[in-house]
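Below are the chains, spelled out letter by letter.
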Amino acid sequence: RSELRSHLRARGGPSPAGRAEVLARHIVEPQREVPIMDRCEVLVVGAGPAGLSAALGARRAGADVIILERYGCFGGTITTVGMETLGWYRYEGTEDCEGIGREMERMAERMGGTTKWP
């Protein structure tokens, strides 16, 4: 860190426009105040099947959970790219383990959100 500080002092500090400078393996940003919008015990980044499963598992275990999603909708690649199914690799008659993924599939079936592969 002292080497990084010396380097910055020699260059006159962080860039004048307030941009982050990348030096070796460090990022130096000007000091700023960032508001805290909320607090939680578990922050899940991404609301695709894995993120939703993680959030659901953490909540069922009693944690206070927040899901942070970049695109503003649940589903991840299934939704944003149009992948057809959570279990795209399985065919009728094959077996899968139980868990939140199968729970999501059964819920989609009950809601009429599935179609059989021809």
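A quick note: this is a predicted structure, and the numbers were derived from the prediction, not measured.

Analysis parameters
- Residues numbered from 1 in each chain as written.
- Predicted model: local features only at pLDDT ≥ 70, side-chain atom pairs only at ≥ 80, totals over all residues.
- Heavy atoms only, no water.
- Buried < 20%, exposed > 50% of the residue type's maximum accessible area, 1.4 Å probe, protein only.
- Helix = DSSP H or I, 4+ residues; strand = E, 2+ residues; numbered from the N terminus.
- Contact = heavy atoms within 4.5 Å.
- Axes fitted to C-alpha atoms, helices over the stretch in contact; angles between N-to-C directions.
- Parallel < 35°, antiparallel > 145°, perpendicular 65-115°, else oblique.
- Nonpolar A, V, L, I, M, F, W, Y, C, P; charged D, E, K, R; others polar.
- Expected span 1.5 Å × (residues − 1).
- Arc of directions from axis to C-beta.

Draft legend 1. Quick peek at helix H4 (residues 100–110). Listed as buried for H4 are Ile-100, Arg-102 and Glu-105. Where H4 is buried, its residues touch helix H2 (49–60). Taken from the residues just after H4, Gly-112 is the one with a positive phi, measuring 80 degrees.

Draft legend 2. Structural context of the packing of H2 against H4. Closest axis-to-axis distance for the H2/H4 pair is 10 Å, and the angle between their directions is 105 degrees. One way to sum up the angle between H2 and H4 is to call them roughly perpendicular. Contact residues: Pro-49, Leu-52, Ser-53, Leu-56, Gly-57 and Arg-60 in H2; Ile-100, Glu-103 and Met-104 in H4. Its residues assigned to classes, the contact of H2 with H4 shows 5 nonpolar, 2 polar and 2 charged.

Draft legend 3. The arrangement of H2 in detail. With 12 residues, H2 ought to run about 16 Å at 1.5 Å a step, and its terminal C-alpha atoms sit 16 Å apart, in line with that. Those residues of H2 lying buried are Gly-51, Ala-55 and Ala-58. Down the axis of H2, the sector holding all buried residues measures 70 degrees, keeping them to one side. For H2, the exposed residues set more than 90 degrees away from the buried face come down to Ala-50 and Arg-60. On its buried face, H2 sits against strand E3 (42–45) and strand E4 (65–68). Remark: Gly-62 follows H2 within two positions and exhibits a positive phi of approximately 100 degrees.

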